[in-house]
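Examination of the molecular architecture
Chain by chain, the residues run as shown.
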Amino acid sequence: MVGGRSNDNGEEEGGILSFLDENTLEKLPLYDRAGLIDNGEIDANDPARRTPSGEWKIPKFVRFHTYDAGVGLSEIFWQHPYNYTPFMGHNSRVESWGMYPVSLYRLQLSGKCIPKPEVQFLNALKRRKVEQLKAMDLSDLLQSDYTLRIYLSYIYNPSDGVTHRFWRRVRVSGGLRLSVFSDKIIKPLFGWVRNLHAHAFHDHSDGAMFGPKDCNSIDMMHLDKSGLTYIADADWTIAHILSDEGDKMSYHYDFGDNWWHDIELEHVSPPSESTGAVVALGGAGCNPPDGNGLGTHAFADMLDKARSSIVERRKLIKKMFEAMNYSPVGASWPASAPPDFDFDHFDLEATQAAINVALDSPASLPYASKKIVHPLNMDAHKSSATASRIGQHPSQLKRGIAVAQTPVRPGSFIGDGKMFLEEGVNKSRIDRPTNTACASCGSPNDLMACAGCRRRFYCKRECQREHWKRTHRYECAEMSKKK
Ligand SMILES: [Zn+2]
Ligand SMILES: [Zn+2]
């Protein structure tokens, strides 16, 4: 078992919105309770609720809030979660705990005193999954190199309509934590902006979800449509989900825009032939645009239209260059949108370089993720008082973490020059060896901290020597100063 820590820490994990507590709810007129409240037929002391098929039944596991009539809930919530079989979704895979979107009506109905029935149910599924993960025998897989093919789901080459148009092939260790895999490998592979949006891995065998713990990125508000809750991905490795060649999982990036990736295990190398190093092996297609409102399906539609119309093609290129990863907020000049932009171009060397940069950096801090800030007071950017806008009071930032502000450049499509981007950055906090990878090669195995700064980790002496020569000798002393 990897990571002895229990990651099932509390009923509210996963950012469930709780707008109404019991007292507030009592004061609301009936018609404001959005159809959530039963029309008077519920006895506050009776745990039974009417199922969708009309039967009055006491649920086997969940408890209902006094005012919750169970309207909009599927019959499964009257079952015991341990007897629940996840539903198969489209394409013969199970995603989102095998439980597809719950009525949005139910979003508002959550007293602080008792989690929503669906969350109680999913927390039980999480506990069951964690027990299964702990009991897994991974044998050699943690020391085995995996060749993975990662592609944008549902976007196909126009020439055949079958093969995926945007894909990357990469070799990584099966022992890499899912959090590190997301932050330092998948993000640079596709050019996604690190620590901007949330993500979730979906285990296709049972729909179990894994995501960033304590994430407060803006798209977490859509978690209710994206599976409601997940297991902390920092506690488990790729090998916990993928073990046999042909196994697949999904990677859902940005719960608002919705970018879907499939990750397929193509090959497992035996430990004797494995180094743990992260190597980008190939790919096709440009980096998809991040943070401009497009997602998998909207992007696919626009690409389709761009094939037959120059106007649509220019429209898409312009849209691409409004994205955070094409036109960074802090850039001094507006990025120009080249009319001959090639949607199918992939640069292997630049991609490996981006991975190397990510490996040579501290772990991202999802609890203080990037936020675009519009100050109410236009002079606010001159004052340190702006620090709290990150969504955390400065005193809540962990030791060694600072707030970094990047002004949005004038003329940008998202601002008027007064806005800025904020993010919690790691100044001197020391990553745990389990939350990082070798700064030189990306291996998660046998990591030892640099004795000088303790801010970078290495899997072996040669890696430390290589990295020292390449960059670390210029940075080690500086890093160790910032305590
Ligand atoms: Zn190494
Ligand atoms: Zn050092």
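Residues numbered from 1 in each chain as written. Chains lettered and ligands numbered in written order. Predicted model: local features only at pLDDT ≥ 70, side-chain atom pairs only at ≥ 80, totals over all residues.

- The name recorded for the protein in an unreviewed UniProt entry is MYND-type domain-containing protein, from Obba rivulosa.

A word on the overall build of the protein
- Across its full length, the protein carries seven helices and 15 strands.
- In the protein, buried positions account for 40% of the 483 residues.
- Across the protein, the fraction of contacts at a sequence separation of at least 24, relative to all contacts at a separation of at least 6, is 69%. (Helix = DSSP H or I, 4+ residues; strand = E, 2+ residues; numbered from the N terminus. Buried ≥ 20, exposed ≤ 12 C-beta atoms within 10 Å, placed from the backbone. Contact = placed C-beta atoms within 7 Å.)

Some words on the packing of helix H3 (residues 178–190) against helix H6 (residues 348–359)
- At a minimum axis distance of 8 Å, the contact between H3 and H6 shows a crossing angle of 150 degrees. On the basis of the axis angle, H3 is roughly antiparallel to H6. The handedness of the crossing between H3 and H6 comes out as right-handed. Contacts between H3 and H6 involve Lys184, Ile185, Lys187, Pro188 and Leu189 on the former and, on the latter, Thr351, Ala354, Ile355, Ala358 and Leu359.
- Considering only residue class, the contact of H3 with H6 consists of seven nonpolar, one polar and two charged. (Axes fitted to C-alpha atoms, helices over the stretch in contact; angles between N-to-C directions. Parallel < 35°, antiparallel > 145°, perpendicular 65-115°, else oblique. Left-handed = near helix turned anticlockwise from the far one by under 90°. Nonpolar A, V, L, I, M, F, W, Y, C, P; charged D, E, K, R; others polar.)

Side note on the nonpolar core
- With 81 residues, the main nonpolar core has Val172, Ile238 and Cys438 as its most contacted residues.
- The greatest single-element share of this core, amounting to seven residues, is contributed by H3.
- Two domains share this core, each providing at least three of its residues, namely domain 1 (22–135) and domain 2 (363–428).
- Counting residues in hydrophobic clusters, the runner-up holds six residues, among them Leu316, Ala323, Met324 and Tyr326. (Core = buried A, V, L, I, M, F, W, Y, C linked by C-beta atoms within 7 Å. Domains from an automatic or database assignment.)

Concerning the sheet that holds strand S12 (residues 401–407)
- Across the sheet, which stays open at both edges, the three strands sit in the order S11-S13-S12 with antiparallel pairing between neighbours. Sheet topology places strand S11 (371–373) and S12 at the edges, where each strand pairs with a single neighbour. This sheet shows a mean twist of 35 degrees between the axes of neighbouring strands, independent of strand direction.
- Across three bridges, the pairing between S11 and strand S13 (residues 420–426) is antiparallel. Bridge pairing in S13 links Lys371 to Glu422. (Pairing = 2+ DSSP bridges.)

Points about the packing of helix H4 (residues 296–306) against helix H5 (residues 310–320)
- Two elements in contact, H4 and H5, have axes whose closest approach is 7 Å; the angle formed by their N-to-C orientations is 140 degrees. By the angle between their axes, H4 is oblique relative to H5. Mapping the contact onto sequence places Met302, Leu303, Lys305 and Ala306 in H4 and Glu312, Arg313 and Leu316 in H5.
- Tallied by class, the residues present in the contact of H4 with H5 amount to four nonpolar, no polar and three charged.

Quick word on H6
- If you check H6, its first and last C-alpha atoms are 17 Å apart, about what twelve residues at 1.5 Å a residue would give, namely 16 Å.
- Thr351, Ala354, Ile355, Asn356, Ala358 and Leu359 are the residues of H6 that are buried. (Expected span 1.5 Å × (residues − 1).)

Details of the sheet that holds strand S8 (residues 248–253)
- Overall, mixed pairing links the eight strands, which are arranged S7-S6-S5-S8-S9-S3-S4-S10 in an open sheet. The open sheet is flanked by strand S7 (231–232) and strand S10 (279–284), the only strands paired with a single partner.
- Where strand S4 (residues 167–173) meets S10, five bridges bridge the pair, whose relative direction is antiparallel. Considered in S10, the bridge of Val170 is made with Ala280.
- Its contacts with the sheet place H3 against strand S3 (145–152), S4, strand S5 (199–203), strand S6 (209–211), S8 and S10, and it is angled at close to 145 degrees to S4.

Thoughts on the pairing of strand S9 (residues 259–268)
- Two strands pair when backbone bridges link them, and S3 and S9 are joined in this way by seven bridges, in the antiparallel orientation. Bridging from a neighbouring strand, Leu152 pairs with His261 of S9.
- Here S8 pairs with S9 via six bridges, running antiparallel. Within S9, the position partnered with Tyr253 by the bridge is Trp259.
- Hairpin connection from S8 to S9: five residues lie between these consecutive antiparallel strands, with Asp254 at a positive phi of about 70 degrees.

Some words on unusual backbone geometry
- Its identity is not glycine, yet Tyr154 carries a phi of approximately 70 degrees, on the positive side.
- For Tyr154, the position within the fold is in the loop between S3 and S4.
- For Tyr154, a count of 13 C-beta atoms within 10 Å corresponds to the partly exposed category.
- Unlike most non-glycine residues, Asp254 shows phi in positive territory, near 70 degrees.
- Relative to the helices and strands, Asp254 resides in the loop between S8 and S9.

Section: the confidence of the model for the protein
- A residue-level look at the protein finds 81% of positions with pLDDT of 70 or above and a mean pLDDT of 85.
- Note that residues 1–20 has pLDDT below 50 and, in this model, 38 contacts with residues that lie over four places away or in other chains.
- Long-range and interchain partners of residues 28–38, a stretch whose pLDDT sits below 50, account for 16 contacts in this model, where long-range means more than four residues apart. (pLDDT = per-residue confidence, 0-100.)

Here we look at the environment of Pro288
- Along the chain, Pro288 falls in the loop between S10 and H4.
- Here the alpha-carbon distance between Pro288 and Phe166, two residues 122 residues apart in the chain, equals 8.4 Å.
- In this structure Pro288 touches Leu152, Phe166, Phe190, Trp259 and Phe299, once residues within four positions along its chain are discounted.

A word on the environment of Asn258
- Considering the arrangement of structural elements, one finds Asn258 in the loop between S8 and S9.
- Judged by the 17 C-beta atoms lying within 10 Å of it, Asn258 is partly exposed.
- Along the backbone, Asn258 and Ala298 are 40 residues apart, and their C-alpha atoms lie at a distance of 9.6 Å.
- If we ignore the near neighbours within four places in the chain, the residues touching Asn258 are His252, Gly295 and Thr296.

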